[in-house]
Amino acid sequence: MDIAFRSQKPAAVEVQDLHVRLGGNPVLRGVNLRIEAGRMVALIGPNGSGKTTLLRCLLGLQKPDSGSVRLLQEGPPGPGILKRMGYVPQRLQLDPSFMLTVREFLAIRRPLTASWFWRPSRQIDALLHEAVGEMDVTRLLDRPVAGLSGGQLQRVLICSSLLNEPELLLLDEPTAGVDTPGEADFYELIAEVHRRRGLTVVLVSHDLSMVYRHASRVYALNGVICCEGAPEEVMNAESLRQAYGIHFTPYQHQHPHSHGSHGH
Ligand code: ADP
């Protein structure tokens, strides 16, 4: 569409004419998507619009009926490419008997520290320290993972995916389990990681008002990418209104930090 979009910068994600039917329903009906490497973008859409299905295609968990996915300039998702990616799910159902502390949970995610339970924790901390600092989980290291709040667990999961130094980070509804006051800080942390590391970040959300401040580009999904552009452009687009109707959260131009207003 616009000239910047057609520039020759390498793509972290390229999806072409992707079709997926589930239970006889056409869920993805020709998705075309190109996400430039190094950007922080949002993939939005109401419930049922195919976000999870598209994510599953990007992770190689769902085989498309037709069309193609090419990641990190290499090819379709496979073991080699998945190692270069991080994925943070919406929720992780943990049994309360899950015994690991945050430190242990993080240590087993890193090949170098995976079998280091017998080592002094300060040796483990030295190796985990960069990602732990970035996601502000230092104070949580001795806590059991199963006892964390939703927001704390999200930070730990992102921290754990950073340990593998991903080039592409996919975050599914990143604030689903985070209480409202925690949301702004949470996006700040991710935005800071994005700035520092220069990796590509894809935020998947049903709610644009949560992501518009940090995403440089927004892709609106409804079986197809029905609209894309800068957050302000997308929210003002008539096609988006038609595709999503009144259920979609409107763009709130002056709301940052204005408490007490629901802005509908
Ligand atoms: P989103 O993540 O945007 O809420 P999904 O990708 O989960 O959307 O689902 C898109 C549509 O596909 C929904 O209408 C859902 O009911 C349908 N769907 C998802 N999984 C299946 C399945 N296994 N069989 C049949 N329909 C499915």
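What you see is a predicted model; the values in this text were computed from it and never measured.

Asks: Describe the overall build of the chain, with residues and values.
Replies: Within the chain one finds nine helices and nine strands. Burial analysis of the chain (264 residues in total) assigns 47% to the buried set. A separation threshold of at least 6 residues defines the contact pool for the chain, and within that pool the share at least 24 residues apart is 65%. When the accessible surface of the chain is summed, it comes to about 13400 Å², and 52% of that surface belongs to carbon and sulfur atoms.

Asks: Lay out the sheet that holds strand E7 (residues 200–205) with the relevant residues and their values.
Replies: Across the sheet, six strands lie side by side as E5-E6-E7-E3-E8-E9; this open sheet has mixed pairing. With one partner strand each, in any of the chains shown, strand E5 (85–88) and strand E9 (225–229) form the two edges of the open sheet. Going across the sheet, the axis of each strand differs from the next one's by a mean of 15 degrees, ignoring polarity. Of the pairings in the sheet, the one linking strand E8 (residues 217–221) to E9 comprises four bridges and is antiparallel in character. What sits directly across from Ala220, in E9, is Cys227. Along the sheet face, helix H5 (residues 150–162) touches E5 and strand E6 (168–172) and points at about 165 degrees away from the line of E5.

Asks: Mind laying out the site of the ligand, listing which residues take part and the relevant values?
Replies: Looking at the ligand, the residues that line it are Leu22, Gly23, Val27, Pro46, Asn47, Gly48, Ser49, Gly50, Lys51, Thr52 and Thr53. Backbone polar atom of Gly48 to an oxygen atom of the ligand: 2.7 Å apart, as the coordinates give it. Between an oxygen atom of the ligand and a side-chain N or O atom of Thr53, the distance comes to 2.5 Å. With the chains in place, 56% of the 560 Å² that the ligand exposes on its own is no longer accessible. The biggest single contributor to the shell around the ligand is helix H1 (residues 51–58), with three residues. Residue classes in the shell around the ligand are distributed as three nonpolar, seven polar and one charged.

Asks: Provide a residue-level description of the nonpolar core, including the pertinent values.
Replies: In terms of nonpolar packing, the biggest core is built from 46 residues, with Val102, Leu106, Met135, Val156, Ile158 and Leu171 touching the most fellow members. Setting aside anything within four residues of it in sequence, one finds Met135 in contact with Arg155, Ile158, Cys159, Leu162, Leu189 and Val193. Grouped together as the second largest cluster of nonpolar side chains are 29 residues, Val13, Val20, Val31 and Val204 included.

Asks: Explain the pattern of salt bridges residue by residue, including any values.
Replies: Scanning the entire structure with this criterion turns up twelve salt bridges. Note that Arg196 is salt-bridged to Glu134, the shortest N-O span being 3.6 Å. Remark: Glu134 occurs in helix H4 (residues 121–134) and Arg196 occurs in helix H6 (residues 180–197); sequence separation between them is 62 residues. Salt bridges sharing partners connect three or more residues here, namely Glu130, Glu134, Arg196 and Arg197.

Asks: Pulling in residues and values, what's your account of the side chain of Ser205?
Replies: Its location among the elements puts Ser205 in strand E7. With residues near it in sequence (within four places) discarded, Ser205 still touches Leu43, Ile44, Gly45, Lys51, Glu173 and Val211.

Cut-off values and rules
- Numbers given for residues are sequential positions, taken from 1 along each chain in its written order.
- pLDDT decides what is reported in this predicted model: residues at 70 or higher carry local features, side-chain atom pairs at 80 or more are listed and counted, and totals for whole chains, interfaces and linings draw on all residues regardless.
- With hydrogens and water stripped out, all remaining heavy atoms of the structure feed into the side-chain values.
- By the criteria applied, helices consist of DSSP H or I runs no shorter than four residues and strands consist of E runs no shorter than two, each listed in order from the N terminus.
- In this scheme, a residue with accessible area under 20% of its type's maximum is buried, one over 50% is exposed, and one in between is partly exposed, where area comes from a 1.4 Å probe on protein chains only.
- Two residues qualify as a contact provided that any one of their heavy atoms is within 4.5 Å of a heavy atom in the partner residue.
- Only the protein chains shown count as cover for residues, and all accessible areas are computed by the Shrake-Rupley method using a 1.4 Å probe.
- The pairing criterion is simple: DSSP has to find at least two bridges between the two strands.
- Angular values range over 0 to 180 degrees, each being the angle between N-to-C directions of two axes fitted as lines to C-alpha atoms, with helices fitted over their stretch in contact.
- Whether a residue is near a molecule or strand depends on its heavy atoms: it is near if one of them lies within 4 Å of it.
- Two N or O atoms form a polar contact when they lie within 3.5 Å of each other; inside protein one atom must be a possible hydrogen donor and the other a possible acceptor, and for residues adjacent in sequence the pair counts only when both atoms belong to side chains.
- We call Asp, Glu, Lys and Arg charged. Ala, Val, Leu, Ile, Met, Phe, Trp, Tyr, Cys and Pro are nonpolar, and the rest, Gly among them, are polar.
- In this description, a nonpolar core means a group of buried Ala, Val, Leu, Ile, Met, Phe, Trp, Tyr and Cys residues linked to one another through side-chain atoms lying within 4.5 Å.
- Any carboxyl oxygen of Asp or Glu within 4 Å of a side-chain nitrogen of Lys or Arg constitutes a salt bridge here.

Function cannot be read off these values alone, since they describe shape.
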